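# Working through the structure, step by step
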Amino acid sequence: MAVSDFRRLREKMVKEQIEARGIKNPLVLQAMRKVPRHLFVDEALQVQAYNDHPLPIGYGQTISQPYIVALMSELLEPEPGLSVLEIGTGSGYQAAVLAEMGMKVYTVERIKNLYLQVSKRLRTLGYYNVKVKLDDGTLGWPENAPFERIIVTAGAPLVPEPLLEQLADPGILVIPVGENKRNQELLKITKTEGTLKKENLGKVMFVDLVGKYGW
Ligand code: SAH
């Protein structure tokens, strides 16, 4: 398929899966239109990259469904220049969407091969405002804290305490949490003047967050 075919698929994805479901933030829509999602999956899966579902990226992990990436991005109330910590780099797609919106991205992945692959991919695509680290992301990234935004793209049993500590005030944390591994609730936690407010955005399904403050 040609570059223009992928661009057409991307446009259709934004219209039918993102705008049609109520995502309105212009920064999010623009980033979803721009980031070449097909370059974040295996060559054999590229034609499916803009379909309405997650896809395997190896090592038992997945790239999230486009709508979920857009929804979490919108919940973060993105603004250019804000620092954002992502836990669960995976394919690097969500990180690229955050970077495309002008945010300063720190992302942590625990699987070495994914980490190596993503570092190379983001460099090749010119996303230089993303720093990638190989580590247990449930510990956060204390050297660069606090973060004005934190996004966790794997399902956690509880909200990891270090992430709450490393969230700036004011700040927003978006995370799927569930006692059951296959069934989480998407939470938006807002920190303002030392107090935390929690909103529940409904059911989602993510792969496991594995680590000291994870499964
Ligand atoms: N945001 C990704 C999708 C994430 S899939 C994307 O856009 O493609 C979830 C990822 O979280 C997997 O790659 C998994 O290895 C990673 N992960 C799970 N537990 C983790 C932890 N404690 N620290 C960092 N990464 C973790």
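Quick note: structure is the one above.
Residues numbered from 1 in each chain as written. Predicted model: local features only at pLDDT ≥ 70, side-chain atom pairs only at ≥ 80, totals over all residues. Heavy atoms only, no water.

If you tally the helices and strands in the chain, you get six helices and nine strands. Here the chain has a C-alpha radius of gyration of 16 Å; the compact-globule value for 215 residues is 17 Å, and the two agree. Projected onto the principal axes, the alpha-carbon positions of the chain cover approximately 50 × 35 × 35 Å. Within the chain, buried positions represent 53% of all 215 residues. For the chain, restricting intrachain contacts to residue pairs at least 6 apart in sequence, the fraction spanning at least 24 positions comes to 56%. Approximately 10,100 Å² of the chain is accessible, and the part contributed by carbon and sulfur atoms is 52%. Charged side chains in the chain number 27 positive and 25 negative. The centres of these two groups are separated by 5 Å. (Helix = DSSP H or I, 4+ residues; strand = E, 2+ residues; numbered from the N terminus. Rg over C-alpha atoms; globule rule 2.2 N^0.38 Å. Buried < 20%, exposed > 50% of the residue type's maximum accessible area, 1.4 Å probe, protein only. Contact = heavy atoms within 4.5 Å. Areas by Shrake-Rupley, 256 points an atom, 1.4 Å probe, with all protein chains shown as cover. Lys, Arg positive; Asp, Glu negative; His and termini not counted. Charge placed at Lys NZ, Arg CZ, Asp CG, Glu CD.)

The omega torsion across Ala145 and Pro146 is 0 degrees, close enough to zero to call that bond cis. Within the fold, Pro146 resides in the loop between strand 5 (130-134) and strand 6 (147-152). Going from Asp169 to Pro170, the amide bond is cis rather than trans, its omega being 5 degrees. By the element assignment, Pro170 lies in strand 7 (residues 167-180). A positive phi angle is found at Glu77, which is not glycine, with a value near 50 degrees. The topology assignment puts Glu77 in the loop between helix 3 (66-75) and strand 3 (83-87). A positive phi is found at Glu193, a non-glycine position, where the angle reads about 45 degrees.

Moving on: the pattern of salt bridges. Applying the stated criterion across every chain, the model contains 13 salt bridges. We note a salt bridge from Arg182 to Asp208, for which the minimum N-O separation is 3.8 Å. Of this pair, Arg182 sits in the loop between strand 7 and strand 8 (183-192) while Asp208 sits in the segment after strand 9 (195-204), and the two are 26 residues apart along the sequence. Note on Arg182: relative accessible area 48%, which makes it partly exposed. Relative accessible area serves as the criterion here: at 21%, Asp208 is assigned to the partly exposed category. Each member of the salt-bridge network shares a partner with another, and the members are Glu11, Lys15, Glu19 and Arg33. (Salt bridge = Lys/Arg side-chain N within 4 Å of Asp/Glu carboxyl O.)

These figures come from the coordinates and say nothing about function on their own.
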